[in-house]
Amino acid sequence: MSKIASNLQIDSARLWDTIHETAKFGATAKGGVRRLTLGPEDKQVRDWFRNACEAAGLDVQVDALGSMFGLRKGRDMTKPPVGLGSHLDTQPTGGKFDGVLGTLAALEVVRTLNDAGIETEIPICIVNWTNEEGSRFAPAMMASAAYVGDFTTENILSRRDAEGVTVAEALDGIGYRGASPVGTQKFSGFVELHIEQGPILEAEAKTIGVVDSGQGVLWYDGKITGFESHAGSTPMRLRRDALATLSEIVLAMERIATTHGPNAVGTVGEAVIANPSRNVIPGEIAFTMDCRSADAAIMDALDADLRAAIAEIAARRKVDVTLDLVWRKPPTHFDAKFVDTVENVAGALGYSHRRITSGAGHDSCNLNTIMPAAMVFVPCKDGVSHNELEDATQADCTAGANVLMHTVLALAGVAS
Ligand code: GLV
Ligand code: MN
Ligand code: MN
């Protein structure tokens, strides 16, 4: 890191203001944000982001899945840019920081370089990836997955939300089906700043997480078919209750994930009773399951143990259970050189730091399969995320943005 460059700091107040300004788009009464991908609030924040990028002199392109790319020229335009950014969509009960910090910190890096009159050797490009959260449309991180070739663009465009709306219709609805084919914008590598979304940095009083790996993910769609019958007149021994079955499945999943722990987690986040009624025994339930581990062998063991447990429960209760694996994302091992660069920058800037595994999925995990990528984490309050109470300090967000900026400067080079 050059001496002049190391004195450069992002504008902490400006970054903090933009985080709170954009939190108005989808603000909830509890202080969080509900900004489902490709909905009206997502359009509002996208319009804001596009305007801010253009005001900062960036050339903005939108791809066929709505991901937004803001290019800042470098001295040598023959080389692909260093990418930085994250996402602006949120969970239904999301917070102000998940994804937002990384995207707005990328903007802040550009604004700081502009103010300081710094030209990078190779260009940089800031990104807002479409549908990182996977809450409205599955899977999560679908735009970056298509970018790296895990899915075709057509496959993703045809995915439907719970109301039957396709990604294509939702993109057209907000005017963000862009002209550039997915993959048009090339990168020499990618760096993403994010809140940790877990308790480790806060517990150890470390400012920066140098992310060297990420958990793999298994997403399932499940269906239980029992038998609807009268809640008053059906004896307990004759019931084929779909909800009681699901209850056993959830507890079995908890037991299995705990047995494979501490490096495994499992969650049933959605469950819908078909035609629910207070005095009808539930006959049909659709549910989702999300299981994760940073160890591919443990992922396989989770899958095998879950299927065995579900088969036993279904046979005993005389119900049908289907469990379809709809997404398998292997564990991520971030690029060693990029990870070292983040670590060296954090140290040079004087921030306490440690290496860390990401519990959450991120677009950078996809990108790392075809280019060098790395991530920077900062602590969040009580490790809470995917919750309206999600919080992080201005000082930590500023530190993370400074590490992001100097990592990008180290990778992109400063033009002499
Ligand atoms: C993305 O938010 C995830 O589920 O990890
Ligand atoms: Mn995120
Ligand atoms: Mn998230």
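Tell me about the site of ligand 1, residues and numbers included.
Around ligand 1 lies a shell formed by Glu132, Glu133, Arg292, Ala360, Gly361 and His386. Within the shell around ligand 1, the residues separate by chemical class into one nonpolar, two polar and three charged.

Describe the packing of aromatic side chains, and please don't skip the residues or the numbers.
Remark: the centre distance and the inter-plane angle together describe each pair of aromatic rings, the angle taken between the planes. Under the definition given, this model contains eight aromatic pairs. Between the aromatic rings of Trp129 and Phe190, the centroid separation amounts to 6.1 Å while the plane-to-plane angle is 55°, which identifies the pairing as tilted. Within this pair, whereas Trp129 is found in the loop between β4 (124–128) and α5 (142–147), its partner Phe190 is found in strand β5 (residues 189–195), the two being separated by 61 residues in sequence. Note on accessibility: Trp129 and Phe190 belong to one class, buried. Ring geometry for Trp219 versus Trp327: centroids 5.0 Å apart, planes at 75°, classification edge-to-face. Placement of the pair is Trp219 in strand β7 (residues 216–225) and Trp327 in strand β13 (residues 320–329), with a sequence separation of 108 residues. Taken together, the ring pairs in this structure connect Phe69, Trp129, Tyr147, Phe187 and Phe190 into an aromatic cluster. Here Arg46 stacks its cationic end above the ring of Tyr176, 5.0 Å away from the centre of that ring. The ring of Phe151 has Arg159 sitting right over it, with the charged end atom 5.1 Å from the ring centre.

Got a sec to walk through the coordination of the manganese ion (ligand 2)? Specific residues and values, please.
Taken together, His87 (NE2), Asp98 (OD) and His194 (NE2) make up the full set of protein donors to the manganese ion (ligand 2), lying 2.0 to 2.3 Å away. Sequence positions of the donors to the manganese ion (ligand 2) reduce to the motif H-x10-D-x95-H. Between the manganese ion (ligand 2) and the manganese ion (ligand 3), a separation of 3.6 Å is found, and both are coordinated by Asp98. Here His194 lies in strand β5 and His87 lies in the loop between β3 (82–86) and α4 (100–116), a separation of 107 residues in the sequence.

How would you explain the environment of Val167 if you had to name every residue and give the values?
Structurally, the position occupied by Val167 is in helix α7 (residues 167–174). Judged by its relative accessible area of 1%, Val167 falls in the buried class. Linking Val167 and Phe137, residues 30 residues apart in sequence, is a C-alpha distance of 7.5 Å. Contacts of Val167, omitting those with residues within four sequence positions, involve Leu38, Phe137, Met142, Ile156, Leu157 and Arg159.

Account for the coordination of the manganese ion (ligand 3), naming residues and giving values.
The manganese ion (ligand 3) binds to the protein through Asp98 (OD), Glu133 (OE), Glu133 (OE) and His386 (NE2); the donor distances cover 2.1 to 2.5 Å. The sequence pattern formed by the donor residues of the manganese ion (ligand 3) is D-x34-E-x252-H.

Tell me about the nonpolar core, and name the residues and values.
Ranked by internal contacts, the top residues of the largest apolar core, which has 102 residues, are Leu15, Phe49, Ile126, Trp129, Ile208 and Val403. The leading source of residues in this core is helix α13 (residues 394–412), at ten residues.

Each value, and the rule that gives it
Residues numbered from 1 in each chain as written. Chains lettered and ligands numbered in written order. Predicted model: local features only at pLDDT ≥ 70, side-chain atom pairs only at ≥ 80, totals over all residues. Heavy atoms only, no water. Near = heavy atom within 4 Å. Nonpolar A, V, L, I, M, F, W, Y, C, P; charged D, E, K, R; others polar. Phe/Tyr/Trp six-rings, centres within 6.5 Å; stacked < 30°, edge-to-face > 60°. Helix = DSSP H or I, 4+ residues; strand = E, 2+ residues; numbered from the N terminus. Buried < 20%, exposed > 50% of the residue type's maximum accessible area, 1.4 Å probe, protein only. Lys NZ or Arg CZ within 6 Å of the ring centre and 35° of its normal. Donors = N, O, S within 2.8 Å, 3.2 Å for Na, K, Ca; no water. Contact = heavy atoms within 4.5 Å. Core = buried A, V, L, I, M, F, W, Y, C linked by side-chain atoms within 4.5 Å.

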